[in-house]
Amino acid sequence: SAVISQKPSRDICQRGTSLTIQCQVDSQVTMMFWYRQQPGQSLTLIATANQGSEATYESGFVIDKFPISRPNLTFSTLTVSNMSPEDSSIYLCSVDQNTEAFFGQGTRLTVV
Amino acid sequence: QKEVEQNSGPLSVPEGAIASLNCTYSDRGSQSFFWYRQYSGKSPELIMSIYSNGDKEDGRFTAQLNKASQYVSLLIRDSQPSDSATYLCAVRGGAAGNKLTFGGGTRVLVKP
């Protein structure tokens with residue numbers, strides 16, 4: 001399976017600030033996926049990032065709040081902007097190999 | 001109706017017994033089915049994928065798929081305390097296309 005490196009692994013941030021999460025994959029992939037996992041909840045897809053085009057956002061998520069970059073086929077970033085305590089979650093990067101999805105180790109974000 | 005449903009648990013299982021986890025899905029066009037294990041504070045780890053009706057065995061794990069009943073299950077034989085985790089059912093295909101839709105997860109506790 002692909003090796004997915006995500007950083008930071010955790011952070012505590014002040015409300016109103018922004019945090020950029022990085023995701024690096026050890027092989028080239030067409031699509032990279034960003035998920036949110038709120039405390040005690042399952043995973044919710046935020047957006048799909050394709051290289052060379054705008055990310056595709058799911059219902060309830062907007063680019064102004066969660067801007068995504070995808071500069072090449074092995075790297076993506078997700079920014080959580082103007083954070084509030086409600087953004088406290090685990091954010092996960094994912095890639096597909098064949099039809100199976102694999103995840104980075106996640107970023108545990110706490111907003112105070 | 002949720003797209004992918006699981007009993008949240010906790011499912012308490014004595015060590016050495018069989019843990020049986022169930023998952024139902026609403027989209028009859030779904031084509032790919034996955035079970036992930038997630039330890040507390042960690043990211044999901046793929047343990048089984050299944051694509052056709054019937055059983056698929058891998059070590060102590062058996063996945064069962066019944067597309068007519070829109071039902072997928074996971075059996076864990078000879079349960080160990082290290083199997084204590086949340087198990088997430090995920091589905092791909094149908095109206096959601098290539099997107100992965102997760103159930104809410106079932107928490108399993110294996111008691112020594």
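Note: the structure precedes this text.
Now for a quick tour of the structure. Bear in mind the structure is a predicted one, so any value in this text is a computation, not a measurement.

1. So, the overall build of chain A
Okay, step 1: Per the secondary structure count, chain A includes 0 helices and 11 strands.
Okay, step 2: Along its sequence from the N terminus, chain A presents helices and strands in the succession β-β-β-β-β-β-β-β-β-β-β.
Okay, step 3: Rg of the C-alpha trace for chain A: 13 Å, near the compact-globule value of 13 Å for 112 residues, within the 12% margin.
Okay, step 4: When its C-alpha atoms are laid out on the principal axes, chain A stretches across 40 × 25 × 20 Å.
Okay, step 5: Within chain A, buried positions represent 49% of all 112 residues.
Okay, step 6: Taking as baseline every contact in chain A between residues at least 6 positions apart, the subset at least 24 positions apart corresponds to 52%.
Okay, step 7: If you sum the accessible surface of chain A, you get close to 5,300 Å²; carbon and sulfur atoms cover 47% of it.
Okay, step 8: If the 7 positive side-chain charges of chain A are averaged to one point and the 9 negative ones to another, these points end up 9 Å apart.

2. Re the environment of Lys67(B)
All names here are of chain B.
Okay, step 1: Within the secondary structure layout, Lys67 lies in the loop between strand S7 (61-66) and strand S8 (71-76).
Okay, step 2: By relative accessible area, Lys67 is classed as partly exposed at 29%.
Okay, step 3: Distance in space between the C-alpha atoms of Lys67 and Ser84 is 28 Å, their sequence separation being 17 residues.
Okay, step 4: Leaving out residues up to four positions away in the same chain, Lys67 has contacts with Tyr25, Arg28, Ser30, Gln31, Phe33, Tyr51 and Asn53.

3. Comments concerning the side chain of Gln6(A)
All names here are of chain A.
Okay, step 1: Looking at the secondary structure, you find Gln6 in strand S1 (residues 4-7).
Okay, step 2: A polar contact of 2.6 Å, which involves the side chain of Gln6, links it to the backbone oxygen of Tyr91.
Okay, step 3: The contact partners of Gln6, leaving out residues within four places of it in the chain, are Ile21, Gln22, Cys23, Trp34, Tyr91, Leu92, Cys93, Gly104, Gln105, Gly106 and Thr107.

4. Observations regarding the packing of aromatic side chains
Okay, step 1: With the rule as written, the count across this model stands at 9 aromatic pairs over all chains.
Okay, step 2: Aromatic pair Tyr35(A) and Phe102(B): ring centres 5.8 Å apart, planes at 90 degrees, arrangement edge-to-face. Placement of Tyr35(A) in strand S4 (residues 31-37) and of Phe102(B) in strand S10 (residues 100-102) is noted, with the two residues assigned to different chains. We note that Tyr35(A), like Phe102(B), is buried.

5. Brief notes about the pattern of salt bridges
For side chains bearing opposite charge, pairing can occur when the charged atoms are close.
Residues and elements named next belong to chain B.
Okay, step 1: Tallied over the full model, the rule gives 6 salt bridges over all chains.
Okay, step 2: Among the salt bridges present, the one from Arg37 reaches Glu45, with a minimum N-O distance of 3.0 Å.
Okay, step 3: With relative accessibility at 37%, the residue Glu45 sits in the partly exposed group.
Okay, step 4: Where Arg77 meets Glu57, a salt bridge forms, and the shortest distance between an N and an O atom there is 3.4 Å. Note that Arg77 is positioned in the loop between S8 and strand S9 (85-93) and Glu57 in strand S6 (residues 54-58), a separation of 20 residues in sequence.
Okay, step 5: Here Arg77 falls in the partly exposed class, since its relative accessible area comes to 25%.

6. Examining the pairing of strand S5 (residues 45-50) of chain B
Residues and elements named next belong to chain B.
Okay, step 1: Counted residue by residue, S5 has 5 buried out of 6 residues, so it is predominantly covered.
Okay, step 2: Looking at chain direction, strand S4 (residues 30-38) and S5 are connected through 5 bridges and run antiparallel. Note on S5: the bridge partner recorded for Trp35 is Met48.
Okay, step 3: Counted along the chain from S4 to the antiparallel partner S5, the turn is 6 residues long, and its residue Gly41 has a positive phi close to 80 degrees.

7. As for the sheet that holds strand S3 (residues 19-25) of chain A
All names here are of chain A.
Okay, step 1: Taken together, 4 strands build an open sheet; the order of strands is S1-S3-S8-S7 and the sheet is antiparallel. With partners counted over all chains shown, the strands left at the sheet margins are S1 and strand S7 (68-72), one partner each. Across the sheet, the mean angle from the axis of one strand to that of its neighbour is 15 degrees, orientation sign disregarded.
Okay, step 2: Bridge count for S1 against S3 is 4 bridges, and the pairing is antiparallel. Among the inter-strand pairings, Ser5 is bridged to a residue of S3, identified as Gln24.

8. A closer look at the interface of chain A and chain B
Okay, step 1: Facing 18 residues of chain A, the contacting portion of chain B comprises 17 residues.
Okay, step 2: Summing the contributions of chain A and of chain B, the shared interface buries around 1,400 Å²; its carbon and sulfur component is 49%.
Okay, step 3: Taken together, the links from chain A to chain B amount to 2 salt bridges.
Okay, step 4: Where Lys99(B) meets Glu58(A), a salt bridge forms, and the shortest distance between an N and an O atom there is 3.1 Å.
Okay, step 5: In this assembly, chain A and chain B are joined by 9 residue pairs in polar contact (both at pLDDT 80 or more).
Okay, step 6: Counting residues per element, the ones that place at least two in the side of chain A that touches chain B are S4, strand S5 (43-50), strand S9 (89-97) and strand S10 (100-103) of chain A.
Okay, step 7: Residue composition of the side of chain A that touches chain B, by class: 9 nonpolar, 5 polar and 4 charged.

Rules of the game
For every chain, the first residue of the written sequence is number 1, and numbering continues from 1 onward in sequence order. In the order they appear in the text, chains get letters beginning with A and ligands get numbers beginning with 1. Residues qualify for local features only when their pLDDT is at least 70, as the model is predicted, and side-chain atom pairs are given and counted only at 80 or more; totals for whole chains, interfaces and linings, by contrast, use all residues. Hydrogens and waters are ignored; side-chain quantities use all the structure's heavy atoms. Runs of E in the DSSP output that reach at least two residues are strands. Runs of H or I that reach at least four are helices, and both are numbered from the N terminus. This radius of gyration counts C-alpha atoms alone. The globule rule is 2.2 Å times how many residues there are, raised to the power 0.38. Type-normalised accessible area, obtained with a 1.4 Å probe on protein chains alone, sets the label of each residue: buried when under 20%, exposed when over 50%, and partly exposed for intermediate values. We call two residues contacting when some pair of their heavy atoms lies within 4.5 Å. Note on areas: Shrake-Rupley with a 1.4 Å probe; residue coverage comes only from the protein chains shown. Positive charge is attributed to Lys and Arg, negative charge to Asp and Glu, and no charge count is given to His or to the chain ends. By convention, the charge on Lys lies at NZ, on Arg at CZ, on Asp at CG and on Glu at CD. Polar contact is defined as a pair of N or O atoms within 3.5 Å, subject to the rule that within protein one atom must be able to donate a hydrogen and the other to accept it, and that residues adjacent in sequence are counted only when both atoms are side-chain atoms. The pairing test for Phe, Tyr and Trp rings, Trp by its six-membered ring, is centres within 6.5 Å, and the orientation test on the planes gives stacked under 30 degrees, edge-to-face over 60, and tilted for anything in between. Salt bridge, as used here, is a side-chain nitrogen of Lys or Arg placed within 4 Å of a carboxyl oxygen of Asp or Glu. Strand pairing is defined by DSSP finding a minimum of two bridges between the two strands. Every axis in this analysis is a line fitted to C-alpha atoms, fitted for helices over the stretch in contact. Angles between the N-to-C directions lie between 0 and 180 degrees. Buried area is calculated as the accessible area (1.4 Å probe) missing from two parts once they are joined, with the contributions of both summed. Gly counts as polar in this scheme, as do all residues outside two lists: the nonpolar Ala, Val, Leu, Ile, Met, Phe, Trp, Tyr, Cys and Pro, and the charged Asp, Glu, Lys and Arg.

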